[in-house]
Amino acid sequence: MSDARPILFFDSGVGGLSIAGPARAVLPTAPFVYVADSAGFPYGEKTEAEIAGRVPALLGRLAERYRPRLIVIACNTASTIALPAVRAALDLPVVGTVPAIKPAAAMSRTRTIGVLGTRATVRQAYVDDLAAKFAGDCRVIRHGSAELVELAEAKLRGEMLAPESFAAVLDGLFGQDGGEQIDVIVNACTHFPLVEAELAAAAPRPVAFVDGGPGIARRIAFLTEGQDWPTHPGEGVAVFTRLGEREQALAPGLAARGFARIEAL
Ligand code: DGL
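Throughout this description, residue numbers start from 1 for each chain and increase along the sequence as written. In keeping with the predicted nature of the model, local features appear solely for residues at pLDDT of at least 70, side-chain atom pairs appear and are counted solely at 80 or more, and the whole-chain, interface and lining totals rest on all residues. In computing side-chain values, all of the structure's heavy atoms are included and hydrogens and water are not.

**Student:** Just give me the short version of the packing of helix α2 (residues 48–66) against helix α3 (residues 76–89), but keep the residues and values in it.
**Tutor:** Axes here mean lines fitted to C-alpha atoms, for a helix over just the part in contact, with angles spanning 0 to 180 degrees between N-to-C directions. Secondary structure is summarised from DSSP: a helix means a run of H or I of at least four residues, a strand means a run of E of at least two, and numbering begins at the N terminus for each. Contact geometry of α2 with α3 gives a least axis separation of 9 Å together with a crossing angle of 55°. In terms of orientation, α2 and α3 fall into the oblique class. Two packed elements cross with a definite hand, and for α2 against α3 that hand is right-handed. The residues of α3 that touch α2, namely those facing Glu 48, Ile 51, Ala 52, Val 55, Pro 56 and Leu 59, are Thr 77, Ala 78, Ile 81, Ala 82, Ala 85 and Val 86. As a working rule, the residues Ala, Val, Leu, Ile, Met, Phe, Trp, Tyr, Cys and Pro are called nonpolar, Asp, Glu, Lys and Arg charged, and the rest polar, with Gly in that last group. Looking at the contact of α2 with α3 residue by residue, the classes come out as 10 nonpolar, one polar and one charged. Comment on the angle field: the value is read as roughly parallel under 35 degrees, roughly antiparallel over 145, roughly perpendicular from 65 to 115, and oblique elsewhere. What makes a crossing left-handed is the near helix being turned counterclockwise from the far one by less than a right angle; a clockwise turn instead makes it right-handed. The contact criterion used is simple: two residues touch if any of their non-hydrogen atoms lie within 4.5 Å.

Here it is in structure tokens:
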């Protein structure tokens, strides 16, 4: 009998789709459960204590309900604050999403990297540590944006987006001291790869973008190597902690990405 236990992806909103997408490409028949903590959205504007209190408890409930074989915290904010606590609380593998500073440093010719995340992520010591460890010879310029998270959610709801909004967000990076030297931007919030084309179009000059999606897909494949999977792809499930009109408006976007069933936790 094949193993029907899913992989559970967790984010505050739709950002984790940028992690589930590359994972789907390497594991085409794996059952996926996608959880958006819409009742706690947005994480980037919360305090460390709020995230640390909320995320492990919620993932405990989700693990009981969906019995996943592996959990992916597809959110930089939750991972940089709560990953050790989640791992300590759960008896299953947990993969986190942290800013892709290492690959960005390997790519940058100008040795100037932009890190675009939520306000909560860019102030974490975790980011200082990644920068010191992997980009010691680079200038690392950070900017936290809640607007860009909202823009990515709006895109998934099918709304029209003004190009100037993206230029304004990027100005938060390029407008800083030395910002004109940035040649690589780390999308350090999982929402941001969903609007990467819009960001690239609004950038004052060509710049490369990197994010954790492809690396996490490889990590999931490694951790589940040799496991049984269903022979055919099933229907993905999207779960919301608050299921109102805003969440219902995401249904077509979620269905297009393989999550045709919607549930409330
Ligand atoms: N997608 C999340 C991240 O990677 C956070 C978005 C938010 O809720 O502020 O950080």
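So that's the structure; there's more coming.
**Student:** Account for the pairing of strand β1 (residues 7–11), with residues named and values stated.
**Tutor:** Burial here depends on accessible area, computed with a 1.4 Å probe over protein chains only, as a share of the maximum for the residue type. Under 20% is buried, over 50% is exposed, and the range in between is partly exposed. In terms of burial, β1 is largely enclosed, as five of its five residues are buried. Side chains Ile 7, Phe 9 and Asp 11 of β1 all project onto a buried face; the interleaved residues Leu 8 and Phe 10 project onto the opposite face, where all are buried too. Sheet topology places β1 next to strand β2 (residues 32–36); five bridges connect them, and they run parallel. Considered in β2, the bridge of Asp 11 is made with Ala 36. By the criterion used throughout, a crossover qualifies as right-handed when its path from the first strand across the helix to the second strand runs clockwise, the strands pointing away from the viewer. Following the chain from β1 across helix α1 (residues 17–26) to the adjacent parallel β2, one finds a crossover that is right-handed. Strands were regarded as paired on the criterion that DSSP finds at least two bridges between them.

**Student:** So what's going on with the site of the ligand? Which residues, and what values?
**Tutor:** The criterion for a residue being near a molecule or strand is simple. One of its heavy atoms has to lie within 4 Å of it. Close contacts around the ligand come from 14 residues, with Ser 12, Tyr 43, Asn 76, Thr 77 and His 191 the closest. Within the side chain of Asp 11, a nitrogen or oxygen atom sits 3.0 Å from a nitrogen atom of the ligand. Any pair of N or O atoms that falls within 3.5 Å is considered a polar contact. Within protein, one atom must be able to donate a hydrogen and the other to accept it, and sequence-neighbouring residues count only if both atoms are side-chain atoms. At 2.8 Å from an oxygen atom of the ligand is found a main-chain nitrogen or oxygen belonging to Gly 44. In these tables, accessible area is a Shrake-Rupley quantity obtained with a 1.4 Å probe, and a residue counts as shielded only by the protein chains included in the view. Here the ligand has 300 Å² of accessible area as a free molecule, and 99% of this is covered by the chains. Residues belonging to the shell around the ligand are distributed by class as follows: six nonpolar, seven polar and one charged.

**Student:** So what's going on with the pattern of salt bridges? Residues and values would help.
**Tutor:** For salt bridges, the criterion is a side-chain nitrogen of Lys or Arg within 4 Å of an Asp or Glu carboxyl oxygen. Applying the stated criterion across every chain, the model contains 13 salt bridges. Between Asp 3 and Arg 5 there is a salt bridge, and its shortest N-O distance comes to 2.7 Å. Overall, Asp 3 belongs to the buried group, its relative accessible area being 19%. Among the ionic pairs, Glu 150 bridges to Arg 246, the shortest N-O distance being 3.3 Å. Residue Glu 150 is located in helix α7 (residues 147–156), and its partner Arg 246 is located in helix α11 (residues 245–248); the two are separated by 96 residues in the primary sequence. Look at Glu 150 and you get partly exposed, because its relative accessible area is 33%. Through salt bridges that share partners, Asp 3, Arg 5 and Arg 69 make up one connected network.

**Student:** Lay out the sheet that holds strand β7 (residues 184–187) with the relevant residues and their values.
**Tutor:** If you trace the four strands from one edge of the open sheet to the other, you get β6-β5-β7-β8, paired in parallel fashion. Among the strands making up the open sheet, the edge pair consists of β6 (139–144) and β8 (208–210). Averaged over all adjacent pairs, the angle separating strand axes in this sheet is 25°, with direction ignored. Pairing analysis gives six bridges linking strand β5 (residues 112–117) to β6, with the strands arranged parallel. Bridging from a neighbouring strand, Ile 113 pairs with Val 140 of β6.

**Student:** Account for the environment of Gly 175, with residues named and values stated.
**Tutor:** Of note, Gly 175 is situated in the loop between α8 (163–174) and β7. For Gly 175, a relative accessible area of 56% corresponds to the exposed category. Along the backbone, Gly 175 and Tyr 126 are 49 residues apart, and their C-alpha atoms lie at a distance of 24 Å.

**Student:** Now, about the sheet that holds β1: what can you tell me, with residues and values included?
**Tutor:** As summarised here, the arrangement of the six strands in space is β4-β3-β1-β2-β9-β10, forming an open sheet in which the pairing is parallel. Edge strands, defined here as strands with exactly one partner in the open sheet, are β4 (94–95) and β10 (261–264). For β2 and strand β9 (residues 237–240), the ladder comprises four bridges, and the chain directions are parallel. Across the sheet, Ala 36 pairs through a bridge with Phe 240, a residue of β9. α1 contacts β1, β2 and β3 (70–73) of the sheet and is inclined by roughly 170° relative to β2. The strands touched by α2 within the sheet are β1, β2, β3, β9 and β10, with β1 carrying the most contacts at an inclination of about 150°.

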